2 protein chains.
Amino acid sequence: MSLLVVGSVALDSVETPFGQKEDILGGSATYFSTSASFFSPARVVAVVGEDFPEGHLNFLRGRGIDLEGLTRETGRTFRWKGRYSYELNEAQTLDTQLNVFQAFSPKLPESYRDTPYVFLGNIHPELQAQVLDQVKAPKLVAADTMNFWIKGSRAALLKTLSRVNLLFVNDAEARQLAGEHNVVKAARAIMAMGPQRVVIKRGEYGALLFEAEHIFACPAFPLAEVFDPTGAGDTFAGGFMGALATSSGVLDQALLRRAMVMGSVMASFTVEKFSLERLREVTRPEIHARFAEFRKLTHFDDLGSLER
Amino acid sequence: MSLLVVGSVALDSVETPFGQKEDILGGSATYFSTSASFFSPARVVAVVGEDFPEGHLNFLRGRGIDLEGLTRETGRTFRWKGRYSYELNEAQTLDTQLNVFQAFSPKLPESYRDTPYVFLGNIHPELQAQVLDQVKAPKLVAADTMNFWIKGSRAALLKTLSRVNLLFVNDAEARQLAGEHNVVKAARAIMAMGPQRVVIKRGEYGALLFEAEHIFACPAFPLAEVFDPTGAGDTFAGGFMGALATSSGVLDQALLRRAMVMGSVMASFTVEKFSLERLREVTRPEIHARFAEFRKLTHFDDLGSLER
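Remember, predicted model here, so these are calculated numbers, not experimental data.

Colleague: In this structure, what is going on with the overall build of chain A? I would like to understand it.
Modeller: In terms of helices and strands, chain A carries 11 helices and 13 strands. Computed over the C-alpha atoms, the radius of gyration of chain A is 19 Å, within 12% of the 19 Å expected from 2.2 N^0.38 for a compact globule of 308 residues. Counting across all 308 residues of chain A, residues that qualify as buried make up 60%. Contacts spanning at least 24 positions in sequence make up 64% of the contacts within chain A whose residues lie at least 6 apart. For chain A, the computed accessible surface area is about 11700 Å², with 50% contributed by carbon and sulfur atoms. The averaged location of the 36 negative side-chain charges in chain A is 3 Å from the averaged location of its 33 positive side-chain charges.

As structure tokens, this is what we get:
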């Protein structure tokens, strides 16, 4: 089934201890849709400026991504500049230029309105709500958010959250949103705000999926070389949602858990190179092989001889 | 098979956001041996002072722990005082009084010398080596260490490490010891120092077992109530080693992984209450039930319908 993402398509400038790049392809909708496109047809709602290279759009089209909802406006493309230290867990934002993103007001093409899987990237919660006003009876609505909206637009965020089925947040955001340090309690508090499911992303420590009755813990793949973590969270969400969208049936535990692992698989590729360089070249057999590696990484048997 | 631990038996004073206790039972050898005793017979080499309550020793004896190697010396027992914030991941040490521990020089009773599984708790690496000088052909030697020895007694530590089969360290210690930020590279660097296996403990994020050919990722149990993290690492090591010591055969992947999970199971109980209060009352069915919960927490199926 198809899935829709609303978010940024950007030009990033990134510094890591291993190198530096200017004006490379970035943005939440870019990472999300590319990652999802390995599993399900993706549709993008976003805006770019006059300076956005057509080659980047051709790359997305080449992955079968529907760009009917992506508009090109007068002005410059959204730009983000960040730096990572050896910690690599959190970027220091050096500069943000909203440019054409400042006046972004998501409009869904008619053909997008019946999309069953919807991902609201990390934009103003009122814009996220505006997207939901335009879709007809989606099967699953997932959203991302950040400290900026949690602090600055809490009322609007809570209103949007009441219409969301699944929220992706990192530890710190979960704690801030819930006003609760313990992540289990924080996840429960967030579920009381609307979402039936919460995914707490913990960077190199993996991710936790919380539901009313279940918790699933998925590690991050232990990589000896992490080159650039930019986009890892959106790649994770894209792989997760892309995997879910392969199903037209109920979202059972088996599928949700596979989707969590697939999100982690895709994110583990993204961080191996700058921008979407690794996602451009990754193959289906590589994806399946890494999924198998995740099983080896986490598998253990029952009590066996310990059950005396 | 039996296992031996050398380490501290202490009286702790602990402050957490949830309460405060003075002079409660603590120490690495205490947590380790109690946790291990659920699976295998444990032997303790340690020292206490005149003020150490006989009731605590009776508790350990009641768990079948051999205290022949525990001596009572003139003076006061080792005391540690620490405080945890809501973070709960790391204690702030408020006071350390070595007391009788200052002159501690581990002497193994004759009956301990053939112990097959040896755990060198976090003491001076020269004292750890002194223990190894007294054991005959152990099957597995594991050790713990800390920033203080990594920085202050590096040469002695490296000498001891060359005689150790498995090292337990946390992320920060692994990075400091290896001089390498990436944990995969850090683990490999430590393995080059001697140990064939490295367990990297990551507190609420779980633990990683590194071997030449395998990595196993074990999450921590997501608890809504973490009361006091003191002793979690030693409880983990005790559960891990106690589970391993049930085997007289080769340490295969299946057993090592079960042991990792059992370490995590035991640690998840310890942190639910102050001191060893939870370990005092925990039952075998509770331990088995939590092991089963760990399987539910981490289990996922193969690619299934995602393998198109």
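There is more to say after this.
Colleague: Teacher, can you tell me more about the interface of chain A and chain B here?
Modeller: As a measure of interface size, the accessible area lost when the parts come together is often cited. Counting residues at the interface gives 48 residues for chain A, matched by 49 residues for chain B. Across the interface of chain A and chain B, roughly 4600 Å² is buried in total on both sides, 56% from carbon and sulfur atoms. Scanning the region where chain A abuts chain B turns up six salt bridges. A:Arg202 is paired through a salt bridge with B:Glu204; the nearest N and O atoms lie 3.8 Å apart. Here chain A and chain B share 26 residue pairs in polar contact (both at pLDDT 80 or more) between them. Those elements giving two or more residues to the side of chain A that touches chain B turn out to be helix 6 (171-178), helix 7 (183-191), strand 13 (215-218), helix 9 (253-270) and helix 11 (284-298) of chain A. Top contributing element to the side of chain A that touches chain B by residue count: helix 11 of chain A, with eight residues. A per-class count over the side of chain A that touches chain B returns 24 nonpolar, seven polar and 17 charged.

Colleague: Please explain empty space enclosed by the protein as it appears in this structure.
Modeller: Over the atoms rolls a probe the size of a water molecule, and its path tells where empty space is left. Evaluation of the coordinates by the stated rule reveals two cavities of 30 Å³ or more. The volume enclosed by the largest cavity comes to roughly 180 Å³. In terms of lining, the largest cavity is formed by 19 residues, of which the most central are A:Cys218, A:Pro219, B:Tyr205, B:Cys218 and B:Pro219. Put simply, the parts of the chain that give the lining of the largest cavity at least two residues each are strand 12 (207-210) and strand 13 of chain A together with strand 12 (207-210) and strand 13 (215-218) of chain B. Per element, the largest residue contribution to the lining of the largest cavity is three residues, and it comes from strand 13 of chain B. What the second largest cavity holds in volume is close to 100 Å³. Lining the second largest cavity are A:Arg295, A:Thr298, A:His299, A:Phe300, B:Arg295, B:Thr298, B:His299 and B:Phe300. Listing elements by their share of the lining of the second largest cavity, those giving two or more residues are helix 11 of chain A together with helix 11 (284-298) of chain B. Looking at the lining of the second largest cavity residue by residue, the classes come out as two nonpolar, four polar and two charged.

Colleague: Please explain the environment of A:Arg61 as it appears in this structure.
Modeller: Residues and elements named next belong to chain A. As for its position among the elements, Arg 61 is in helix 2 (residues 54-62). A sequence separation of 27 residues divides Arg 61 from Thr 34, and the C-alpha atoms of the two residues are 9.8 Å apart. Within polar-contact distance, the side chain of Arg 61 engages the side chain of Asn 58 at 2.8 Å.

Colleague: Would you mind going over unusual backbone geometry with me for this structure?
Modeller: One can expect most non-glycine residues to show negative phi and most peptide bonds to be in trans. Here the phi dihedral of A:Ala137 falls at roughly 40°; this positive angle occurs in a residue that is not glycine. Positive phi is not limited to glycine here, since B:Asp23 has a value of about 50°.

Colleague: Looking at this structure, I do not really get the relation of the copies chain A and chain B. What am I missing?
Modeller: Each of the two copies of the chain can be brought onto the other by a rotation about an axis and a shift along it. Mapping chain A onto chain B is achieved by rotating through 180° and translating by 0.0 Å along the same axis, at an RMSD of 0.0 Å. Given the turn and translation reported, the copies of this chain are related as if by a two-fold rotation axis. Across chain A, the smallest distance between a C-alpha and the rotation axis is recorded for A:Tyr205, namely 3.1 Å. Here 100% of the interface residues in chain A have copies in chain B that are interface residues too; the copies meet face to matching face.

Criteria and cut-off values
- Residues numbered from 1 in each chain as written.
- Chains lettered and ligands numbered in written order.
- Predicted model: local features only at pLDDT ≥ 70, side-chain atom pairs only at ≥ 80, totals over all residues.
- Heavy atoms only, no water.
- Helix = DSSP H or I, 4+ residues; strand = E, 2+ residues; numbered from the N terminus.
- Rg over C-alpha atoms; globule rule 2.2 N^0.38 Å.
- Buried < 20%, exposed > 50% of the residue type's maximum accessible area, 1.4 Å probe, protein only.
- Contact = heavy atoms within 4.5 Å.
- Areas by Shrake-Rupley, 256 points an atom, 1.4 Å probe, with all protein chains shown as cover.
- Lys, Arg positive; Asp, Glu negative; His and termini not counted.
- Charge placed at Lys NZ, Arg CZ, Asp CG, Glu CD.
- Buried area = accessible area lost by both parts, 1.4 Å probe.
- Salt bridge = Lys/Arg side-chain N within 4 Å of Asp/Glu carboxyl O.
- Polar contact = N/O pair within 3.5 Å; in protein donor to acceptor, adjacent residues only side chain to side chain.
- Nonpolar A, V, L, I, M, F, W, Y, C, P; charged D, E, K, R; others polar.
- 1 Å grid on protein atoms, 1.4 Å probe; cavity = no way out; pocket = protein on both sides within 12 Å on 5 of 7 lines; lining within 4 Å.
- Points joined across faces, edges and corners; volume = space filled by probe spheres on them.
- Least-squares fit on C-alpha atoms with pLDDT ≥ 70 in both.

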